[in-house]
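Coordinate analysis (summary)
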Amino acid sequence: MGDRRPAGFTVEVTGWRALAAFRFLTLVYAVALNLDDLGRVNSPAWCVATLAVMAAWSVVSSYCYARPRLRTPVLFVVDLAVTLATVLATRLVETPERIAGGEFTVPTVWASTAVMAWALRWEIVGGLLATLGLGVANVVVVSGQPTRGTVHNMILVLLAAIVIGYVAEVLRQVDRLLVDAWQEQGAVAERDRLARQIHDGVLQVLALVKRRGTALDGEGRELAELAGEQEAALRALMTRGSAAPSDGEVDLVALVTPATVSPSIELVAPAEPVMLRAAVATEVAAAVAAALHNVSEHAPGAHAWVVIEEEPDAVLVTVRDDGPGIPDGRLAEAAGEGRLGVVQSVRGRIRELGGTVVITSAPDEGTEVELNVPR
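Note that the coordinates shown come from a computational prediction; the quantities given were computed from them, not determined experimentally.

When its secondary structure is counted, the protein shows 13 helices and 7 strands. Among the 375 residues that make up the protein, the fraction classed as buried is 37%.

Right, dumping it as structure tokens:
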């Protein structure tokens, strides 16, 4: 198998690698700018110390951001806190006159890396919050009197946070689509592999039992009929298209169809697919199969109908038969005996989905099981 999972290469890998590269590039710029100006600052020692903190934190943060298990909210808070501290350290490095004249802060554009990290993690909202914190620190540096350069830089950081946050949101959507496509491709390949094995083994045996059993009487003929029904069900399962598109929904009709291939069962469904979430549709189809099993077990020879209807806020599935019906109190009696087919396989499944099951039956008038499943 040469396929590899294509998920996570956008934000979760490439995004953090790009951030690390940007962090070190801006660090080089900040070091070069400050060392060139080292003879004119108020405290060269504080300047060098701040640059050392920036360098050390660049190494530590890049290491942590590259590992998902370390990429916790604490890391982002510490990253922003260290960044704000280096910005505020400008008051120790520069003279008030140079600050009032519009001199850059010590970290310069390096400070924007924390904002970008927040934008990558929490998208636009995270970027705006980090920008707000950075803006407050810059205002403190200039003693509440922002210069034109300070305002200009903060606007640029704000715009960058919005753009990166939006791009991160879009790339995560791309990630999800790629994961769905990869899973669907894997499911199709696995289904094809199983189909080949079933065709070469199980179907051949069922076909043989069906051919040989038709010449017998009694239980042999009944066994042949059952083998024929299972052969038809397996062939329908193998030949129908994938029921799971990339949006995570499935066609309920496609899932129910294999359980209705018997000549004694009729399926009535809308012409258009009845789309439900995969987990919901799977449980509904299993409940329908359990109800049909009860018909074959307790009303042999009865004809059954499965009717699927769509409503704006729910899907109705009705399983009706023309068998002898269920005597009053029989369901409760069966549950007391430990026969929980209807209680667990039907009612239990639908109840867990937030739906309801209504069973209507009378002696010699058949049974109707109505499944109401909210969307």
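There's more to say after this.
With that out of the way, let us pick up the side chain of Asp321. Positionally, Asp321 belongs in strand β5 (residues 314–321). Although buried, Asp321 forms no salt bridge, and the nearest oppositely charged side chain, Arg320, lies 8.5 Å from it. In this view, Asp321 contacts Val295, His303, Ala304, Trp305, Gly366 and Thr367; residues no more than four positions away in its chain are not counted.

The next subject is the nonpolar core. In terms of nonpolar packing, the biggest core is built from 37 residues, with Trp16, Leu19, Met54, Tyr65 and Leu134 touching the most fellow members. Taken together, the elements giving at least two residues each to this core come down to α1 (10–36), α2 (44–65), α3 (73–88), α6 (112–141) and α7 (148–200). A total of 10 residues in this core trace back to one element, the largest contributor, which is α6. With residues up to four places along the chain from it excluded, the contact list for Leu19 reads Tyr65, Thr113, Met116, Ala117 and Leu120. Counting residues in hydrophobic clusters, the runner-up holds 31 residues, among them Ile265, Ala281, Ala285 and Ala290.

Another point: the layout of surface pockets. By volume, the largest pocket amounts to about 710 Å³. Along its surface, the largest pocket is lined by 24 residues, and Leu226, Glu229, Ser262, Ser264 and Ser296 are the ones closest to its centre. Put simply, the parts of the chain that give the lining of the largest pocket at least two residues each are α9 (219–239) and α11 (278–298).

About the thresholds
- Each chain carries its own residue numbering, running from 1 in the written order of its sequence.
- Local features are withheld for residues below a pLDDT of 70 in this predicted model, meaning they are given only at 70 or higher, and side-chain atom pairs are given and counted only at 80 or more; totals for whole chains, interfaces and linings count all residues.
- Excluded from the side-chain calculation are hydrogens and water; included are all heavy atoms of the structure.
- The helix count covers DSSP runs of H or I at least four residues long, the strand count covers runs of E at least two residues long, and both are numbered beginning at the N terminus.
- Partly exposed residues are those whose accessible area sits between 20% and 50% of the maximum for their type, while under 20% is buried and over 50% is exposed, using a 1.4 Å probe and protein chains only.
- Lys and Arg are tallied as positive, Asp and Glu as negative. Neither His nor the chain termini are counted.
- Any carboxyl oxygen of Asp or Glu within 4 Å of a side-chain nitrogen of Lys or Arg constitutes a salt bridge here.
- Any two residues whose heavy atoms approach within 4.5 Å are treated as being in contact.
- Residue types Ala, Val, Leu, Ile, Met, Phe, Trp, Tyr and Cys, when buried and joined through side-chain atoms within 4.5 Å, form a set referred to as a nonpolar core.
- Throughout, the protein atoms alone are placed on a 1 Å grid, and a set of points is a cavity if a 1.4 Å probe fits but cannot get out or a pocket if it is open with protein on both sides within 12 Å along at least five of seven lines; lining residues have an atom within 4 Å of a point.
- Grid points are joined across faces, edges and corners, and a volume is the space filled by probe spheres set on the points.

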